[in-house]
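Summary of structural features
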Amino acid sequence: MKFVQVARAKKTWIYVSIFLTTAAAVGFTLYIAKPSYEGERVPGFPLTTFDGTMWYLEEFRDRPIVMNFWAAWCVFCRKEMPDLERIYQAYRDKGVIVLGIHRSETEKKSVAEEFAKSVGATYPLIVDINDRMFNYFGKGAPTVPITVFINREGYVVERVVGPRTEEQFRILVERIL
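Notes on the structure follow.

Conventions we followed
Residues numbered from 1 in each chain as written. Predicted model: local features only at pLDDT ≥ 70, side-chain atom pairs only at ≥ 80, totals over all residues. Heavy atoms only, no water. Buried < 20%, exposed > 50% of the residue type's maximum accessible area, 1.4 Å probe, protein only. Helix = DSSP H or I, 4+ residues; strand = E, 2+ residues; numbered from the N terminus. Arc of directions from axis to C-beta. Contact = heavy atoms within 4.5 Å. Pairing = 2+ DSSP bridges. Axes fitted to C-alpha atoms, helices over the stretch in contact; angles between N-to-C directions.

1. Concerning helix H3 (residues 109-118)
All buried positions along H3 are accounted for by Ala112, Phe115 and Ala116. Relative to the axis of H3, the buried residues are bounded by an arc of 100 degrees and lie together on one face. Every exposed residue of H3 that faces more than 90 degrees away from the buried side is listed here: Glu114, Lys117 and Ser118. Summarising the contacts, the buried residues of H3 are in contact with strand E3 (65-70), helix H2 (75-91), strand E4 (97-102) and strand E5 (125-127). After H3 finishes, the residue glycine 120 shows a positive phi value of roughly 75 degrees.

2. Concerning the environment of alanine 71
You can see alanine 71 is positioned in the loop between E3 and H2. The spacing of alanine 71 and glutamate 107 is 36 residues in sequence and 7.4 Å in space, taken between C-alpha atoms.

3. A closer look at the sheet that holds E4
If you walk across this open sheet you meet the 7 strands as E2-E1-E5-E4-E3-E6-E7, and the pairing is mixed. Of all strands in the sheet, those with a lone pairing partner are strand E2 (54-56) and strand E7 (156-161), marking the two edges. On average, each strand axis in the sheet is tilted by 30 degrees relative to the strand beside it, whichever way the strands run. Pairing of strand E1 (residues 46-49) with E5, which is carried by 2 bridges, proceeds in the antiparallel orientation. Bridged to threonine 48 within E5 is valine 127. H3 rests against E3, E4 and E5 of the sheet, and its axis sits at about 120 degrees to E3. Across the sheet, helix H5 (residues 166-176) lies against E3, strand E6 (146-150) and E7, angled at about 30 degrees from E6, the strand it touches most.

Just distances and angles here, no functional claims.
Set out below in structure tokens:
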């Protein structure tokens, strides 16, 4: 009888340990995923589109920007891209620019181009050479998708890690208008 009680106590302890370890890991991830640059002006990163056009992020200072970090291998990114296209179509007349920042260090550009074409993405798609922008905006985030909302003055208003629906994107875009 005593052996059974000890075994149950040990089993309970293992479950409690696993739960606490998982809770600590999730809490730590959420803590470090909070960007330190919210409310700060965004640097003028150079932007190269898939077709080779060169821009600088600061050229869009007078426009609200939705920057979505994505890759074709990301299941959630594949679901978001058509929603982002609808956001782009709905808000571009209000000056909103949607930029799809491709994690080019994780897959070939040709794979990404083929996928973007298959879903009808018409907003600018940017090659993130050496993951420079992802390393800045993705602080603490394990992977994509990450979406950053920047107001007309060039300040980060919100950064969200993980997938969003079209309705959630609309709510966040309204905050940067």
